[in-house]
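Here is what each chain is made of, one letter per residue.
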Amino acid sequence: MMTVNEVSKLTGVNIRALQYYDKIGLLHPTDYTESGYRLYDDTALETLQQILLFRELEFPLKKIKEIISAPNFERNKALDQQITMLQLKKEHLENLIMFARGIQLIGVKTMDFSAFDTSKLDEYAEQAKKQWETTAAYQEFQNKRKGRTEETENAIAAGLILILEEFGKLREASPSAQEVQRLVKKLQGYITEHYYECTTEILAGLGKMYAGGGAFTESINNACGDGTAEFAAAAINIYCNNI
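Residues numbered from 1 in each chain as written. Predicted model: local features only at pLDDT ≥ 70, side-chain atom pairs only at ≥ 80, totals over all residues. Heavy atoms only, no water.

Participant: I tried to follow the overall build of the protein on my own but got confused; where do I start?
Facilitator: Counting its secondary structure elements, the protein contains twelve helices and three strands. The burial tally for the protein puts 37% of its 243 residues in the buried class. At a minimum sequence separation of 6, the contacts of the protein that also span at least 24 residues come to 62%. Of the accessible surface of the protein, which amounts to about 14,400 Å², a share of 52% is contributed by carbon and sulfur atoms. (Helix = DSSP H or I, 4+ residues; strand = E, 2+ residues; numbered from the N terminus. Buried < 20%, exposed > 50% of the residue type's maximum accessible area, 1.4 Å probe, protein only. Contact = heavy atoms within 4.5 Å. Areas by Shrake-Rupley, 256 points an atom, 1.4 Å probe, with all protein chains shown as cover.)

Participant: Please explain the pattern of salt bridges as it appears in this structure.
Facilitator: Oppositely charged side chains can pair when the atoms bearing their charge come close. One pass over the full model with this rule turns up four salt bridges. Taking the shortest distance from any N to any O, the salt bridge between Lys63 and Glu66 comes out at 3.5 Å. Residue Lys63 and its partner Glu66 are located together in helix H4 (residues 61-69), separated by three residues, close to a single helical turn. Across this residue pair, the class does not change: Lys63 and Glu66 are buried. Lys186 is the partner of Glu166 in a salt bridge, and the nearest nitrogen-oxygen pair spans 2.8 Å. Of the two residues, Glu166 sits in helix H8 (residues 150-170) while Lys186 sits in helix H9 (residues 178-194), which places them 20 residues apart along the sequence. For Lys186, a relative accessible area of 42% translates into the label partly exposed. (Salt bridge = Lys/Arg side-chain N within 4 Å of Asp/Glu carboxyl O.)

Participant: Got a minute to help me understand the environment of Leu53 in this structure?
Facilitator: Relative to the helices and strands, Leu53 is located in helix H3 (residues 42-56). Sequence-wise, Leu53 and Gln81 are 28 residues apart; in three dimensions their C-alpha atoms are separated by 9.0 Å.

Participant: How should the sheet that holds strand S1 (residues 2-3) be read in this particular structure?
Facilitator: If you walk across this open sheet you meet the three strands as S1-S3-S2, and the pairing is antiparallel. If you trace the sheet from one side to the other, it starts and ends with S1 and strand S2 (31-32), each paired once. Direction of pairing for S2 relative to strand S3 (residues 38-40): antiparallel, over a ladder of two bridges. Note on S3: the bridge partner recorded for Tyr32 is Arg38. (Pairing = 2+ DSSP bridges.)

Participant: I would appreciate a short explanation of the nonpolar core in the present structure.
Facilitator: Most often, soluble globular proteins have nonpolar side chains that are buried together. Membership of the largest hydrophobic core comes to 28 residues, with the highest contact counts inside it found for Phe167, Leu187, Ile191, Leu203 and Tyr210. Of all the elements in the fold, those that place two or more residues in this core are H8, H9, helix H10 (200-210), helix H11 (214-224) and helix H12 (228-241). Dropping the residues within four chain positions of it, Phe167 is found in contact with Val180, Leu183, Val184, Leu187, Thr228, Phe231, Ala232 and Ala235. Within the second largest apolar cluster, 23 residues are counted, among which are Leu18, Tyr21, Ile68 and Ala78. (Core = buried A, V, L, I, M, F, W, Y, C linked by side-chain atoms within 4.5 Å.)

Encoded structure:
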């Protein structure tokens, strides 16, 4: 666990910003000290990394919250976009450095402002945003969230956790057991009802995310028992292959 001060020093994100992230529900601390100071574990730091990546893509905080909390969030896709964005920024900065050196050496001979052109960078950022915002699943997810109160959102999220906890209770059984397979169908129906149409393809993708390691796997196992994420993934795989 790291204190909020340690996280601030490690990441360069000031303490006031971390407190604000907590306030708006973007990044909650993992725990608190007896004195009430925020504490963050590795899972929280991974989430903070994702937030900072999207900030580099110039996404507003509200949009970042929607994206990273969406069940269809793909971290690797975000990383690919971030790498491209950094490459474009590097190219832009190199152009500015060359422009400044030219002024330093020979003075301003022409009114050339091409080095300040960020259109390529801006265009990519806009394309990246549209990739997230125009998928059918994302649009359906957004439509179903309209009008929901924070209390309702929390209740729906809690319902999803309860289903995953059921997987945790059954993890000593075979993932192909009838009771476990009925639970997979229940999970699929719950996601369709409250988030977006959970097709077999999407469900299979979620199963891979559950067992993919990192923050997602760790969060499920911490909440529902060690091995729950992997067990649920195995059950989902069997279910999807038999449809």
